[in-house]
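Spelled out from the first residue to the last, the chains are:
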Amino acid sequence: MRKFILPILIMVISLVVFLPFLTRGEETDYANFYSSLQENNVETVTIDKDVIRYTLKESKTKYTTMNPSSPTLKEELLKSSVKVKDNTSTTLDDIINTIFNIIFLLIIVGALYALFNYSHKTFRVVKNSGIDFSNIAGMKEEKKELLSVVSMMKNNQKSIKGIILEGPPGNGKTLFARALSTECKINFIATRGADFQGALMGLGAFKVKMLFNKARRNRPCIIFIDEFDSIGEKRNYNGSGIDKENNRILTTLLNEMDGFKSESRILVIAATNSYESLDPALIRPGRFDLKFTISNPDTETRKELIEMYLSTFALAEPLSVELLSSLFAGFSCASIETIIREAIIISKRNGKDRISKEELIEASKKTALPLRGKGL
C-alpha cells in the first residue's frame, strides 16, 4: 500500500495549490465588469490583489477581470448593495488562519503517511520463520494435535478458518503458530490485539480490513493474533466510546472471517489466556473451528527445557536436571528460562562455571518465582 502514498500526497497538495485557479471563473475586460455594475447586474465581488472576481445576478456566471486598484471602487460597490469580500488587506487574523490551515494540511498528510507506514511495518509478512516443531522442546501431545492441522491444510481435507490456542502465558503459543506456518510452508503475519486499538474511532476496524487485505495478497497465509481477548471479549453495549470501538473491531473481524471461502487459503490463529471471556459469536463453528490448549510443561518437557537452557553451563552437586524439573513443577516455559538465565548470570558474577544451589535460590528470590518441591 506504500506505493499509493506519493500519488495521494500529490493529489492533496495539487488540490490545495490549484483550487483557487479552478474557482476564478471566465476572464473578461474591466469595461464589461464596470458596465454590469452600472446596470446593477453584479451580485458578489471578491477583490484580490491583482484580480477582481464577480458574479452576475441574472446568469450567476462567474467572471475574473484585472484589478485597477481604484480607491473609490469598494465604496461604489457598497453603494450599489453588492456583497463585497476584500482580500487586499491582510490582517493578523488572516495570517493566523493561513498558518492553521497549513498546519491542518500537514497533520492530514502526516496521518496518511503514518497510517500506510504503520501497515508496512506492523503487518510484516514472514515468508519463512525458520522455526518448525523440532525447535520446540517437549510438548509432544501439543505437537501431535497441531500436526493433524498440517495434514488437513496440505491435503485440503477440510476448510479451517480459525484456531484458538489457549493456556497460561509464557508457554510458546506464538512459537507454535510460527512453527505451524513453517510446517505448512505458508506465509505468516504476526499481530497483537493492541495493534488494533488506538485513540481514533473507526481506525481499529480499518486496520482489521487492512490486515486481511494484506493476507489475501500473500495467500496462502496464517494470520496470528496474540492477546486476542483484548479485542475478542464479549461485546458490551453500555454505550461508552471504548465499548463501541471494540464492538466495531470485533464485528469487522467476524465479517472478514465470514467472507472466507474454501479456496481462500487463509488461516487465523488466535492466542488467549482467557478463553472464557471471548465473544460466543467468535468461537461458534464456522469461524474458530478448533481449540488447542498449550499448558505448562510436563516433567519430560521441563527436563528438555532445562537441558536446552543449560547447553553452555553446568550444574554443581547436588543439583541435577531431574531435581530442577521437580523444583520447577507448575512453572511456565518462560519462568523456567528466566530462573536459569538469572542463575547463570549470578554464577558468572561469583566467578563460578557451575550453578550451585545458592545461586539457584538467589535467582528464585530475585525473579520472584519461588521454587516448589523438595531437595534443596
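Residues numbered from 1 in each chain as written. Predicted model: local features only at pLDDT ≥ 70, side-chain atom pairs only at ≥ 80, totals over all residues. Heavy atoms only, no water.

Moving on, we come to unusual backbone geometry. In this model, Arg219 is joined to Pro220 through a cis peptide bond whose omega is -10 degrees. As for its position among the elements, Pro220 is in the loop between α7 (203–217) and β9 (221–226). Looking along the chain, the bond that leaves Glu317 and enters Pro318 is cis, with omega of 10 degrees. A positive phi angle, near 60 degrees, is found at Asn40, a position not held by glycine. With respect to the element layout, Asn40 can be found in the loop between α2 (30–38) and β2 (42–47). Even without a glycine there, the phi angle at Ser81 is positive, about 60 degrees. Inspection of the secondary structure puts Ser81 in the loop between α3 (73–79) and β5 (83–86). The exposure class of Ser81 is exposed, given its relative accessible area of 62%. (Helix = DSSP H or I, 4+ residues; strand = E, 2+ residues; numbered from the N terminus. Buried < 20%, exposed > 50% of the residue type's maximum accessible area, 1.4 Å probe, protein only.)

What follows concerns helix α13 (residues 357–366). Those residues of α13 not exposed but buried are Glu359, Leu360, Ala363 and Ser364. Summarising the axial view, the buried residues of α13 lie within an arc of 140 degrees, below the 170-degree limit, and thus occupy one face. Exposed positions of α13 whose direction lies more than 90 degrees from the buried face are Lys365 and Lys366. Contact partners of the buried residues in α13: α11 (321–327), α12 (333–349) and β13 (354–355). One or two positions beyond α13, positive phi appears at Ala368, with a value near 60 degrees. (Arc of directions from axis to C-beta. Contact = heavy atoms within 4.5 Å.)

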